[in-house]
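# A structural walkthrough
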Amino acid sequence: MSAWLLPDHIADVLPSEARHIEELRRDLLDTARSYGYELVIPPLVEHLDSLLTGTGEELGLQTFKLVDQLSGRSLGVRADTTPQVARIDAHLLNRLGVTRLCYCGPVLHTRPDKPHATREPLQFGAEIYGHAGKEADLEALQLALACLRVAQVKALQIDLADVRIVHSLLAGVPHDAALLQRIHAALAAKDAAELAALTRDFPPRSREGLRALPQLYGDATVLIEAEKALQGAPGLHNLLSDLRWLGERLHGVRVSYDLADLRGYAYYSGVRFGIYAPGASDALVRGGRYDEVGAVFGRNRPAVGFSLDVKQLVAVVPPRAPKAAIRAPWDESHDVHAAIAALRQAGETVVCVLPGHESEVDEFHCDRELVHVAGAWRVQTLGPAAPADSGSLKN
């Protein structure tokens, strides 16, 4: 096997795409900061018991494991950043009030989590801790939409759900974690046959309610249908009212409801959402409420947030034109060095053409050049016609 071949679903990122990814990363972090979210940078590896305790089997299967040569303890390479941020909130910051945190960094998956996906996503996310009310859910949704809009994603659609609807239907029904996981999987896949088999011995209210969930998706009329189909489920009216409240406050986007949507990691405890756009094979954003995720760190705080893969996002948004640059000659004189330094200090990209490489095409789009005219270095527009003077820098 050739030494330069990379593992399956692992790829280099070349200059044009890397530039786009980095520009998006900066835009996303700036958008989160504009909402008051502070940046944190958790480590890439952690002790396995800290990284995975309480997160569910699926995240464990997605996590690469290794042995720490210093301590002999098992380590994990993070497959998701949310448990780490929960640890930071609970154990390191330990604030009493609301805490808003964001992050952007690589995660590593043992297998692709969707068709054609990379195993090394660049995960961006934002999370708000310390407020149990639906206002925090709405803020997370609004920030997620703002992030996609700054990335120039069009025709957005949000699917809303709430994992507590399933918990309500299972109230009083004996079940273990394995059965609950199989029910969640059948609901997510809308597998009616599997769901019928799993719920065969359930009480009629729970059995019929769970079997109805896969058909409860669509616009706001779904919530009316759910009130009728799921009668008797404890707390159902309030859960559906909260979903309606959220949907009514999301503007400029199509809102739908999928009450059987339980995809994603097992730590979600309330409202869940996915945001979709044309050209994306799966949700660009997934998020929701996960009030229990910090319990293992000794602080069971309300929490809600979302995450996305910046690499996936780049694939569905329009390419950005590279910033125009200035071409400059290679020259050892002090005055040209000073002119180039002044341009770079002013925010310009200046590409020096090395001797013998004048005819090569560069990644940067040079629409101007630095030329020496009448004792001064001037920036002139490049073009087929005579260059037009666009400024000068004197010795």
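As a reminder, the structure under discussion sits directly above these lines.
An account of the accompanying structure is given in this report. (Residues numbered from 1 in each chain as written. Predicted model: local features only at pLDDT ≥ 70, side-chain atom pairs only at ≥ 80, totals over all residues. Heavy atoms only, no water.)

## Quick word on the overall build of the protein
What counts, and what does not: For the purposes of this entry, the term helix denotes a DSSP run of H or I that reaches at least four residues, the term strand denotes a run of E that reaches at least two, and both are numbered from the N terminus. Whether a residue is buried, partly exposed or exposed follows from its accessible area with a 1.4 Å probe, protein chains only, as a fraction of its type maximum: under 20%, in between, or over 50%, in that order. Contacts are assigned to residue pairs that have any heavy atoms within 4.5 Å of one another. Positive charges are assigned to Lys and Arg, negative charges to Asp and Glu, while His and the chain termini are left out of the count. In plain terms, the charge of a residue is placed at NZ if it is Lys, CZ if Arg, CG if Asp and CD if Glu.
Across its full length, the protein holds 13 helices and 17 strands. With the principal axes as the frame, the protein shows a C-alpha extent of 90 × 55 × 50 Å. Sorting the 395 residues of the protein into buried and exposed places 47% on the buried side. Put simply, 65% of the contacts in the protein that link residues at least 6 apart link residues at least 24 apart. The protein carries 41 positive and 50 negative side-chain charges, and their two centres are separated by 4 Å.

## Structural notes on the pattern of salt bridges
For clarity, the threshold we go by: By convention in these notes, a salt bridge is any Lys or Arg side-chain nitrogen within 4 Å of a carboxyl oxygen on Asp or Glu.
For the structure shown, the criterion picks out 26 salt bridges. Across the salt bridge formed by E22 and R26, the nearest N and O atoms sit 2.8 Å from each other. Here E22 pairs with R26, and both are found in helix α1 (residues 15-34), just four residues apart, close to one helical turn. Classification of E22 as partly exposed rests on a relative accessible area of 26%. For D30, the salt bridge identified is with R33, shortest N-O distance 3.2 Å. With D30 and R33 both in helix α1 and three residues apart, the pair spans about one turn of that helix. Given the relative accessible area of 40%, D30 is considered partly exposed.

## Observations concerning the environment of A328
When you line up the elements, A328 lands in strand β13 (residues 324-329). When its relative accessible area of 1% is taken as the criterion, A328 is described as buried. C-alpha separation for the pair A328 and E369, spaced 41 residues apart in sequence, amounts to 5.7 Å. In contact with A328, not counting residues within four places along its chain, are I340, V350, V351, C352, V353 and L370.

## Some remarks on the nonpolar core
Keep this limit in mind: Definition of nonpolar core: a set of buried residues of the types Ala, Val, Leu, Ile, Met, Phe, Trp, Tyr and Cys, connected through side-chain atoms within 4.5 Å.
Counting residues in each nonpolar core, the largest one holds 75 residues, and the members touching the most others are F124, I165, L213 and L313. Dropping the residues within four chain positions of it, L313 is found in contact with L24, L28, L148, A151, V153, L284 and L308. Grouped together as the second largest cluster of nonpolar side chains are 14 residues, L101, Y268, V293 and A303 included.

## Quick word on helix α7 (residues 177-188)
The cut-off we apply is this: Here the expected span of a helix is defined as 1.5 Å times the quantity of residues minus one.
Helix length check: α7 (twelve residues) gives 16 Å between terminal C-alpha atoms against 16 Å at 1.5 Å per residue, within 8%. Looking at the buried positions of α7, the neighbouring elements they touch are α6 (163-169), α8 (192-198) and α9 (204-212).

## A word on the sheet that holds strand β3 (residues 64-67)
Selection criterion: Here, a strand pair is defined by DSSP locating no fewer than two bridges between the strands. Axis geometry follows a simple rule: fit a line to the C-alpha atoms, using only the stretch in contact for helices, then measure angles between N-to-C directions, giving values from 0 to 180 degrees.
Ordered by their spatial adjacency, three strands build an open sheet running β2-β4-β3, and the pairing between neighbours is antiparallel. Taken across any chain shown, the strands that pair with only one partner, and hence form the sheet edges, are β2 (45-47) and β3. If you compare each strand with its neighbour and ignore which way they point, the axes differ by 35 degrees on average. Bridging between β2 and strand β4 (residues 74-77) involves three bridges; their strand directions are antiparallel. Bridge pairing in β4 links E46 to G76.

## Things to note about the environment of N300
Considering the arrangement of structural elements, one finds N300 in the loop between β11 (285-289) and β12 (303-309). On the accessibility criterion, N300 (48% relative accessible area) is partly exposed. With near-sequence residues (within four places) excluded, N300 lies in contact with D291, E292, G294 and A295.

## Overview of the sheet that holds strand β5 (residues 99-106)
Overall, mixed pairing links the nine strands, which are arranged β1-β5-β6-β12-β11-β10-β7-β9-β8 in an open sheet. Looking at strand neighbours, the two that pair on one side only are β1 (38-39) and β8 (217-218), the edges of this open sheet. Both β1 and β5 contribute to a ladder of two bridges, which runs parallel. Bridge pairing in β5 links E38 to L101. In the packing of α1 onto the sheet, the strands contacted are β1, β5, β6 (122-129) and β12, and the crossing angle to β5 comes to about 170 degrees. Those strands touched by helix α4 (residues 82-93) are β5 and β6, and its axis lies near 135 degrees from that of β5.

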